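# Observations on chain architecture
Next come the chains, spelled out residue by residue.
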Amino acid sequence: MRIARFSIDGNVAFGAVEGDKQDELVLDIIKGIPFADYQLSGTKVPLSKVRLLPPVLPNKVVAFGRNYADHARELGNEVPEAPFAFFKPSTSVIGPGDEIQYPSFSEELHHEAELAVVIGRMCREVPRDRVKDVIFGFTCANDVTARDVQKREKQWARAKGFDTSCPLGPWVETDLGLARANDLTIQLMVNGEQRQLGRTSEMIHSIEDLIVNISEAMTLLPGDVVLTGTPAGVGPLNVGDEVAVTIEGIGTLTNKVVKRG
């Protein structure tokens, strides 16, 4: 099932996305919230009539860096032996169609297409064989990075945590399953030109590895997001660019880069 979060006539709701053709998609409005018991209302609205929002509002976004060997090497970094985590604040999250604001303190903005894991229940110290039980679903993400700031400041808080640096969407796919999620095609296009193409099977540390690793240290909450790393091919974004992340079995997340006002 594809679960979207949207606004219509000033109201915010969740809905199940139905249909196959983009111009014929409809939302069956959900009664309740998808992390608890809920029902489909049977009230349906065309997707074209609503504004899609970030599919979740995470308490925290836990991201893992250098989880694809080719990406680590393309930036001249060593491949880490253990998962390498950092955080993006909730204020960095935007949804499909929202604008990525080019930060005023950077002159080198980069795209990073990633598979995002959405947590479905409160959990801590998750055993490997229970990881599948704490996952709500998967969505597309773009770990937008001020690369020059990342290099200059060494730590990544400003470089990866600025406002609008974490586009998520267009919805959460709940039916992929772990085996398939660990082997999906990830593609990123800028203005229709392919920049990144890889598979999640190229990850150094699997989804299970990442969830076990971070839940050893902290409690994960429903709606929290785990970013799993980016394949090789990262590169610059400029004001006016349209960037699209497509992940097999999920969909496409599209955002435009604008000058920060």
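Just above sits the structure.
Residues numbered from 1 in each chain as written. Predicted model: local features only at pLDDT ≥ 70, side-chain atom pairs only at ≥ 80, totals over all residues. Heavy atoms only, no water.

Two orientations exist for strands paired in a sheet by backbone hydrogen bonds: parallel and antiparallel. Sheet architecture is open: three strands sit in the order S13-S10-S18, paired in antiparallel fashion. The sheet terminates laterally at strand S13 (145–146) and strand S18 (235–237), the two strands that pair on one side only. As defined by bridge partners, strand S10 (residues 109–111) adjoins S13 across two bridges and the pair is classed as antiparallel. Note on S13: the bridge partner recorded for leucine 109 is alanine 146. (Pairing = 2+ DSSP bridges. Helix = DSSP H or I, 4+ residues; strand = E, 2+ residues; numbered from the N terminus.)

Moving on: a nonpolar patch on the surface. Residues Met1, Tyr38 and Leu40 make up a contiguous nonpolar surface patch of roughly 220 Å² in combined accessible area. Secondary-structure assignment places leucine 40 in strand S4 (residues 39–46). (Patch = residues over 30% accessible without salt bridge, like charges linked within 9 Å, V, L, I, M, F, W, Y side chains within 5 Å. Areas by Shrake-Rupley, 256 points an atom, 1.4 Å probe, with all protein chains shown as cover. Salt bridge = Lys/Arg side-chain N within 4 Å of Asp/Glu carboxyl O.)

Right, let's talk about the pattern of salt bridges for a bit. For the structure on display, the rule yields 14 salt bridges. Ionic pairing is found between lysine 60 and aspartate 224, a salt bridge with its closest N-O pair at 2.7 Å. Of the two residues, lysine 60 is situated in the loop between strand S5 (51–52) and strand S6 (61–65) and aspartate 224 in the loop between helix H6 (207–215) and strand S17 (225–227); the sequence distance between them amounts to 164 residues. Take lysine 60 and aspartate 224: they sit in the same class, and that class is buried. A salt bridge links aspartate 143 to lysine 160; the nearest nitrogen and oxygen atoms lie 2.7 Å apart. Of the two residues, aspartate 143 sits in the loop between strand S12 (135–142) and S13 while lysine 160 sits in helix H4 (residues 157–161), which places them 17 residues apart along the sequence. For lysine 160, a relative accessible area of 2% corresponds to the buried category. (Buried < 20%, exposed > 50% of the residue type's maximum accessible area, 1.4 Å probe, protein only.)

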